[in-house]
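Residue strings, one per chain:
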Amino acid sequence: MEMSTLVSAAVVLLVGLCTVLYALLIFWTPPSIITRPSEKKYQSYKSPDKPLPLPSLSDPGTVDLSVVVPAYNETERLPTMMAATIAHLTSSSSPSLPPNQNKPLHKRTFEILIVDDGSTDGTAARALELAAEYKAWDVKVVRLEENTGKGGAVRHGMLHAAGKRLLMVDADGASRFADLEALWDKMDCMVAEEQEGEGRGMAMKGRKSIGNGNGEGKGVPADAMVVVGSRAHLVKSEAVVKRSLIRNILMYGLHTILRIVGVGHIRDTQCGFKLFSRAAARQIFPAQHLATWIFDVELLLLAKQLGIPVAEVPIEWHEVAGSKLNVMTASLQMLRDLLVVRANHLLGRWKAVPVG
């Protein structure tokens, strides 16, 4: 009798614990990211007063590259980043390659999409001034009505970019923009390997597919791929050693948690310099839920679940003053959000489903 009572009590306790944990998951799960009508338009040098409609990621790409820049209160740092970006994209050769391998860049068409994430310091107005300064180039400025978080700004820019390849880059200019060429070349190699695999009948290996009810599968396109900039090679360098102790503790703690979450194979998930093929962006960004700064992990987890290959390329990086990140608050939010992402995927509440 006592044993059955103990078993019943244990079952009740377990059910109660599961109920509490599930309730916490529901409570902590962020609401769907809402796009307001005004956010589907952009301003530019050519149309500073009359916003024009943004394209959709579901449309075919019309330029070679979209540079998506999330910006929150970046009036001071944005001009330096823009100068480096425009200088590289309009240069006649790539400074990241040996002289005998220089490749012309001026034929690469591009757009720069600055997403003002509800700034309070006039970031959008400053971005429009920069658009006028670089009036020969396609610089678009989008205003989000409220601050959603870096992940929300990146997602919005990606969902409305026109590039065949899409680069997310931070507004602080911490990453050397010329390293785009290393990411671009790596993606070219991945494309060539995929085409070679098609020739051998090995295409789509490892990529998720779903049935359509007729016994046929629909999988992720073969040209869906991601290349991420990595600072892992700088871990023992002066650039990282000189960072604050708390930031380095956060970095090592994050690496440990990422192994548990399932993306420990990527040595640097948080570098804000990532290149997506348009096919990969179509699969990943509509399924993104997190708008907080740890959203990068969700993107990489989605890519892994869909079988989209992710390559990591070393880049140059330096810390820039003026970070908006509160380390202690961000650490707690990071842990919570990582658990929320993993739990929602394990329970099937969030799904990585190939987009046709």
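Since we're looking at a predicted model, the values are computed, not measured.

**Some details on the overall build of the chain**
- Helix and strand counts for the chain come out as 10 helices and 11 strands.
- Taking all 356 residues of the chain together, 47% fall into the buried category.
- In the structure as shown, the chain presents an accessible area of about 17700 Å², 59% of it carried by carbon and sulfur atoms.

**A few points about a nonpolar patch on the surface**
- Where nonpolar side chains cluster on the molecular surface, the patch consists of Leu17, Val20, Leu21, Leu24, Phe27 and Trp28 and spans about 600 Å² of accessible area.
- Under the relative-accessibility criterion, Leu21 is labelled partly exposed at 49%.

**Focus: the packing of helix 2 (residues 78–89) against helix 3 (residues 123–133)**
- Helix 3 packs onto helix 2 with a crossing angle of 30° between their chain directions and a minimal axis gap of 11 Å. When the axes of helix 2 and helix 3 are compared, the pair comes out roughly parallel. Classified by chirality, the crossing of helix 3 by helix 2 is right-handed. Along the contact surface, helix 2 presents Leu78, Pro79 and Met82, while helix 3 presents Arg126, Ala127 and Leu130.

**What to know about the environment of Asn147**
- Here Asn147 is to be found in the loop between strand 5 (139–144) and helix 4 (150–159).
- For Asn147, a relative accessible area of 45% puts it in the partly exposed group.
- With residues up to four places along the chain from it excluded, the contact list for Asn147 reads Tyr72, Asp117 and Gly118.
- Reaching out from Asn147, the side chain makes a polar contact with the side chain of Asp117 at a distance of 2.8 Å.

**Details of the confidence of the model for the chain**
- Residues of the chain with pLDDT of at least 70 account for 78%, and the chain-wide mean is 83.
- A low-confidence stretch, residues 94–100 stays under pLDDT 50, and its non-local contacts, those more than four residues away or across chains, total 11 contacts.
- The model gives residues 210–217 a pLDDT under 50, and that stretch makes seven contacts with residues more than four places away or in other chains.

**Observations regarding the packing of aromatic side chains**
- As enumerated under the stated definition, the model contains three aromatic pairs in all.
- The interplanar angle of 80° and the centroid separation of 6.1 Å between the aromatic rings of Phe177 and Phe273 together place this pair among those described as edge-to-face. Here Phe273 lies in strand 10 (residues 273–277) and Phe177 lies in the loop between strand 6 (163–169) and helix 5 (180–199), a separation of 96 residues in the sequence.
- For Phe273, a relative accessible area of 0% translates into the label buried.
- Relative to Phe285, the ring of Phe276 has its centre 5.0 Å away and its plane inclined at 70°; by these criteria the two rings are edge-to-face.
- Residue Phe276 is classed as buried on the basis of its relative accessible area, which comes to 1%.
- If you follow Lys140 out to its NZ or CZ, it ends over the ring of Tyr42, 4.9 Å from the centre.
- Just above the ring of Trp184 sits the side chain of Arg165; from NZ or CZ to the centre is 4.5 Å.

**Re helix 2**
- With 12 residues, helix 2 should cover 16 Å at 1.5 Å per step; its first-to-last C-alpha distance of 16 Å lies within 8% of that length.
- Every buried residue of helix 2 is accounted for by Leu78, Pro79, Met81, Met82, Thr85, Ile86, His88 and Leu89.

**Observations concerning the nonpolar core**
- One finds Met158, Val226, Phe276, Ile284, Phe285, Ile294 and Ile308 to be the most contacted residues of the largest nonpolar core, which totals 39 residues.
- For this core, the elements supplying multiple residues, two or more each, are helix 4, strand 6, strand 9 (226–230), helix 8 (278–284), helix 9 (295–306) and helix 10 (327–346).
- With eight residues, helix 9 is the single largest residue contributor to this core.
- Dropping the residues within four chain positions of it, Met158 is found in contact with Leu57, Val68, Leu166, Leu167, Met168, Phe276 and Phe285.
- Listed in part, the 37 residues of the second largest apolar core include Ala71, Leu130, Met187 and Ile315.

**Quick look at helix 4**
- Most of helix 4 is tucked away: nine of the 10 residues are buried.
- Within the span of helix 4, buried status applies to Gly151, Gly152, Ala153, Val154, Arg155, His156, Gly157, Met158 and Leu159.
- Tucked inside the fold, the buried residues of helix 4 contact strand 3 (63–71), strand 4 (110–117), strand 5, strand 6, strand 10 and helix 9.

**Thoughts on the sheet that holds strand 4**
- Strand order in this open sheet of seven strands is 5-4-3-6-10-9-11, and the pairing throughout is mixed. Since the sheet does not close on itself, it has two edges, and those belong to strand 5 and strand 11 (310–314), each with one partner. Averaged over all pairs of adjacent strands, the angle between strand axes in this sheet comes to 20°, irrespective of strand direction.
- Relative to strand 11, strand 9 runs parallel, the two being bridged by five bridges. Residue pairing across strands places Val226 opposite Val310, the latter belonging to strand 11.
- Relative to strand 4, helix 2 is tilted by about 165°, and along the sheet it contacts strand 3, strand 4, strand 5 and strand 6.

Thresholds applied
Residues numbered from 1 in each chain as written. Predicted model: local features only at pLDDT ≥ 70, side-chain atom pairs only at ≥ 80, totals over all residues. Heavy atoms only, no water. Helix = DSSP H or I, 4+ residues; strand = E, 2+ residues; numbered from the N terminus. Buried < 20%, exposed > 50% of the residue type's maximum accessible area, 1.4 Å probe, protein only. Areas by Shrake-Rupley, 256 points an atom, 1.4 Å probe, with all protein chains shown as cover. Patch = residues over 30% accessible without salt bridge, like charges linked within 9 Å, V, L, I, M, F, W, Y side chains within 5 Å. Salt bridge = Lys/Arg side-chain N within 4 Å of Asp/Glu carboxyl O. Axes fitted to C-alpha atoms, helices over the stretch in contact; angles between N-to-C directions. Parallel < 35°, antiparallel > 145°, perpendicular 65-115°, else oblique. Left-handed = near helix turned anticlockwise from the far one by under 90°. Contact = heavy atoms within 4.5 Å. Polar contact = N/O pair within 3.5 Å; in protein donor to acceptor, adjacent residues only side chain to side chain. pLDDT = per-residue confidence, 0-100. Phe/Tyr/Trp six-rings, centres within 6.5 Å; stacked < 30°, edge-to-face > 60°. Lys NZ or Arg CZ within 6 Å of the ring centre and 35° of its normal. Expected span 1.5 Å × (residues − 1). Core = buried A, V, L, I, M, F, W, Y, C linked by side-chain atoms within 4.5 Å. Pairing = 2+ DSSP bridges.

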